[in-house]
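Below are the chains, spelled out letter by letter.
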Amino acid sequence: MSSFRKFRKRTGTALAALPLLAGGLVALAATAAPPAAAVDNGLARTPQMGFNNWNSTHCRAEFNEAMVKGIADTFVSQGLKDAGYTYVNLDDCWAQPSRDASGNLVPDPVRFPHGIKAVADYVHSKGLKFGLYSSAGTKTCDVQGFPGGLGHEQQDANLWASWGVDYLKYDNCNNSGVDARQRYKAMGDALTAATRSTGRPILYSICEWGSNQPWTWAPAVGNSWRTTGDISDSWSSMISIAHQNQPLAPYAGPGAWNDPDMLEVGNGGMTDTEYRTHFSLWSQMAAPLLIGSDLRTASASTLAILKNTDVIAVDQDPLGKQGTVVSSSGGLVVMSKPLADGGRSVTLTNETTSTKTVSTTVKDIGIGGASSYTLKDLWSKATSTTTNGISASVPAHGTVMFRVTPGSPVPPPTGLNQLSDLPWTSAVGGWGPVERDRSNGEQAAGDGRVLTIGGTIYAKGLGTHAPSDISYYLGGACASLGVDVGVDDESTKGGSVRFQVWRDGTLAADSGVRTAADPPKHLTADLKGGSKLRLVVTDGGDGITYDHADWADAKLACGSGPSAGTHDLSDLTWTSATNGWGPVERDRSNGEQAAGDGRALTVGGVVYGKGLGTHAASAVSYYLGGTCSSLTAAVGVDDEVAVGKGSVVFQIWRDGSLVADSGKVTGADAAKPLSVDLAGALEVRLVVTDAGDGVDYDHADWAGARLVCA
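Residues numbered from 1 in each chain as written. Predicted model: local features only at pLDDT ≥ 70, side-chain atom pairs only at ≥ 80, totals over all residues. Heavy atoms only, no water.

**Examining the side chain of Asp-91**
Note the following rule: Helix and strand labels come from DSSP, where a helix needs a run of H or I of at least four residues and a strand needs a run of E of at least two; each type is numbered from the N terminus. Distance and chemistry together define a polar contact, namely a pair of N or O atoms within 3.5 Å, with one atom able to donate a hydrogen and the other to accept it when in protein, and with adjacent residues in sequence counting only for side-chain atoms on both sides.
As for its placement among the helices and strands, Asp-91 is situated in the loop between β2 (87-89) and α5 (115-125). Separated by 2.9 Å, the side chains of Asp-91 and Asn-52 make a polar contact. At 2.9 Å, the side chain of Asp-91 forms a polar contact with the side chain of Lys-169.

**Section: the sheet that holds strand β1 (residues 49-52)**
Applied cut-off: Any two strands between which DSSP finds at least two bridges are classified as paired. Structural elements are reduced to axes, namely lines fitted to C-alpha atoms, with helices fitted over the stretch in contact, and the angle between N-to-C directions of any two is expressed from 0 to 180 degrees. By definition in these notes, contact holds between two residues if any of their heavy atoms fall within 4.5 Å.
The sheet built from eight strands is open, its strands ordered β7-β6-β5-β4-β3-β2-β1-β8 with parallel pairing. Bordering the open sheet on either side are β7 (257-259) and β8 (289-291), each of which pairs with just one other strand. The average undirected angle you get between the axes of adjacent strands in this sheet is 25°. Alignment of strand β5 (residues 203-206) against strand β6 (residues 224-226), held across two bridges, turns out to be parallel. Paired with Ser-205 across the strands is Ser-224, a residue of β6. Contacting β1 and β2, helix α3 (residues 65-77) runs over the sheet at an angle of about 160° to β2.

**Section: the nonpolar core**
Spelled out, the test is: Think of a nonpolar core as a cluster: buried Ala, Val, Leu, Ile, Met, Phe, Trp, Tyr and Cys residues, connected wherever their side-chain atoms sit within 4.5 Å. Exposed residues in this analysis have more than 50% of their type's maximum accessible area, buried residues have under 20%, and partly exposed residues fall in between, with area computed by a 1.4 Å probe over protein chains only.
Formed by 100 residues in total, the largest nonpolar core has its most connected members in Tyr-85, Trp-94, Trp-160, Phe-279 and Trp-282. Top element by residues in this core is helix α7 (residues 180-198). It accounts for six residues. Every residue in contact with Trp-282, bar those within four places of it in the chain, is listed here: Ile-231, Met-238, Ile-241, Ala-242, Pro-260, Asp-261, Met-262, Leu-263, Ala-287, Pro-288, Leu-289 and Asp-315.

**Notes on the sheet that holds strand β23 (residues 468-473)**
Pairing in this open sheet of five strands is antiparallel, and the strands run β18-β23-β28-β25-β26 from one edge to the other. Where the open sheet ends on each side, the last strands, each with one partner, are β18 (426-428) and β26 (506-515). Taking each pair of neighbouring strands and ignoring which way they run, the sheet shows an average axis angle of 10°.

**So, the environment of Ser-372**
Here Ser-372 lies in the loop between β12 (356-361) and β13 (373-377). The contact partners of Ser-372, leaving out residues within four places of it in the chain, are Thr-386, Thr-387, Pro-406 and Gly-407.

Here's what the structure looks like:
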């Protein structure tokens, strides 16, 4: 029952202190405490599935032994057991109002004439599991006041274990003001002791209503925890509860789940469209799926919703990630959930009262790196493909749910690639999305600022928040990664993290713990032969507090450099070329307009058969892959420039460092020789500036430019 009457008056108080985002999403990141380590009882490695009677019966007379047995029978006969539903759970009102002379709980002899153990045995005989209810107070929540577990934790746990109980839902009523952590830990310890003495594991469902932010401490105590007040069978109640639960994704994982309360599917207060949204969102949020309607009289449409195995598979995905909101505007909400197979499930929800088109992209939902993606509509079962866009016409209060599966991944192109320019195959951020070329702002895409570590500003990189995990497909095509890492300067209240680079399953680089006080640290990783690159950030051991972590200027070297020998640069393929007027020319001067409109390269009367003709401002880059040793060139302003015109500066950059500078060169100067050592370099850039006096016929020749490679 959870909080049926008592908590109705307390819902506003429990959540009023939590700020709301547009659409009602609770913004917890700014005050979030770290997730506690999950309790290690081996249970609920995926969210629990089953039945609870409260939403359909409350404490009415039809809640009895015959009903419970009938539900167990229906689980089997209607295929619900085969779909994954396991637990048949009793809620409040199963006991007598008083304990016996020994202090033991006593089953109501009218409702359960054969006792609880007999019912549990019957449920077990069907290959199912059995659950019971109590409260962490002196009495349970129903106004009749059945005995609670406060002060009787071990006695009750031992009794339940002897009856064959597999699941405990532990409510929060009549708690006498005792600290919630103390009360719930006491029962958790008692269940553990009972399991040790009897060998019967008991799943522990904490029903604290979110009053004391249980997501920050309950994972170490139980297998799930209520995050909200009670659900009711209406659209407004259901969607409000979804909004409250959505921001809590970082706290969920195998063995420990956010619980937005039981399902109302089939109870009659919502349309089938709304019930499909309900079931879709609960599955997308990796929530426990506890049926709350009387399955013995369920309609075909209700059973079709509850037995949608494609949607259930999302809820039960072994990766154990709760989906997160990637966009929310005007009542149109998109959620993305990482899946163990490398794909995503995506919900497109229309919370408005008229049909709308809801859209997102492959990039926005956190995957990439493939040439195409298969979309399976988990309700209509239709399949299609896309290269990026995901869109659907969604009815009022409806949800379209897709499973998005990447096709064959594509390795990065040859060259020195900025990771922020490449499609990742998967990106999971701690708070908010992983950002490209911005720090992590914790909520929506693009809400961060310029990447800055220790006062150093970076134009390119990835902004994350611990814990985060970003993957790229390499396909054996890449040699190395170079990156500066650190806590972003926006983490004004601390932050400590650890950066790790993984090649396939091997750790290739580790930063150690980095704090907000540390300068950038440069990491390099050997990736030769690797198929998968993973960038992982964990918190530094002090909890997730403002752990804004930057992968700055992250460059991935892929493909081979030029072959061994001496090469004229004009015979090689550049990776990029920009030019002030017209295109960069091969073996001709720059004519400022169309390709090939220049003439033979000539500087100071000397004609050169090979080289590059440019016009300031220009930059030409070549990927070397660490295989070349030197570059030589004769540089100067081409003789086609009229006397008194043209003045430039030639520069050679090696992997971002300036290694040669010609100084100011004019049309009156002879060609000037430049030579640089490139041993081990990944990239060389040839840059021409206007020497600071403006662009005035600055035709600049890299004459006889030659590259020597091993």
